[in-house]
Amino acid sequence: PGSGRPSTGRMRRSGQPTPSSVEREQAMRDYKLSIEYKHLKQHCPGGVYLVPSFNDLRLFHGVIFVRRGAFTNGIFKFTLQCPPKYNNVGTHPIVSFSSYVYNPHVHPGTG
């Protein structure tokens, strides 16, 4: 204390534990996800709505209201799940439609 050197202990002066580097990295990923959501909310395409889950920071519920094209007047519900390591290279969200969506390029059983 008072020497100007960083503490080598695992406790802060307030008595709270110092977060590990893994916890800090996860907190940064969660923060980046919340920034992405804020950006998406402001720039979302018309007819697409996405809200975060109350229970899981990485789970979103969405709905698409189709206004033009082959699926006009279609309403498609979906979930978007971001894995814990989301924002790392090679990790992608998983989108699952709860409404039936016909697409000739997608196998109904395997997606």
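Anyway, here's the lowdown on the structure attached to this text. (Residues numbered from 1 in each chain as written. Predicted model: local features only at pLDDT ≥ 70, side-chain atom pairs only at ≥ 80, totals over all residues. Heavy atoms only, no water.)

1. A closer look at the sheet that holds strand S3 (residues 75-81)
Strand pairing in a sheet is mediated by backbone hydrogen bonds. Such pairs are either parallel or antiparallel. Spatially, S1-S2-S3-S4 is the arrangement adopted by the four strands of the open sheet, whose pairing is antiparallel. Among the strands making up the open sheet, the edge pair consists of strand S1 (48-52) and strand S4 (94-97). Sheet twist, expressed as the mean angle between neighbouring strand axes with direction ignored, is 25 degrees. Here S1 runs beside strand S2 (residues 59-65); their pairing, made up of five bridges, is antiparallel. Paired with Leu50 across the two strands is Gly62, which belongs to S2. Across the sheet, helix H1 (residues 21-43) is in contact with S1 and S2; its angle to S1 comes to roughly 150 degrees. (Pairing = 2+ DSSP bridges. Helix = DSSP H or I, 4+ residues; strand = E, 2+ residues; numbered from the N terminus. Axes fitted to C-alpha atoms, helices over the stretch in contact; angles between N-to-C directions. Contact = heavy atoms within 4.5 Å.)

2. So, unusual backbone geometry
A positive phi angle, close to 70 degrees, is found at Asn73, a residue other than glycine. With respect to the helices and strands, the residue Asn73 is situated in the loop between S2 and S3.

3. Focus: the pattern of salt bridges
This structure, assessed with the given rule, holds one salt bridge. The shortest N-O distance in the salt bridge between Arg58 and Asp30 comes to 2.8 Å. Taken together, the residues span a long stretch of sequence, with Arg58 in the loop between S1 and S2 and Asp30 in helix H1 at a distance of 28 residues. Per residue, the accessibility class of Arg58 equals that of Asp30, and both read buried. (Salt bridge = Lys/Arg side-chain N within 4 Å of Asp/Glu carboxyl O. Buried < 20%, exposed > 50% of the residue type's maximum accessible area, 1.4 Å probe, protein only.)

4. Describing the nonpolar core
Listed in full, the eight residues of the largest apolar core are Leu33, Tyr37, Leu50, Phe60, Phe78, Leu80, Cys82 and Tyr86. Among the elements of the structure, H1 and S3 are those that each provide at least two residues to this core. Not counting chain neighbours up to four residues away, the residues in contact with Tyr86 comprise Arg29, Leu33, Glu36, Thr91, His92 and Pro93. (Core = buried A, V, L, I, M, F, W, Y, C linked by side-chain atoms within 4.5 Å.)

5. As for the side chain of Ser99
Among the secondary structure elements, Ser99 is positioned in the segment after S4. Given the relative accessible area of 19%, Ser99 is considered buried. From its side chain, Ser99 meets the backbone nitrogen of Lys77 in a polar contact 2.9 Å long. (Polar contact = N/O pair within 3.5 Å; in protein donor to acceptor, adjacent residues only side chain to side chain.)

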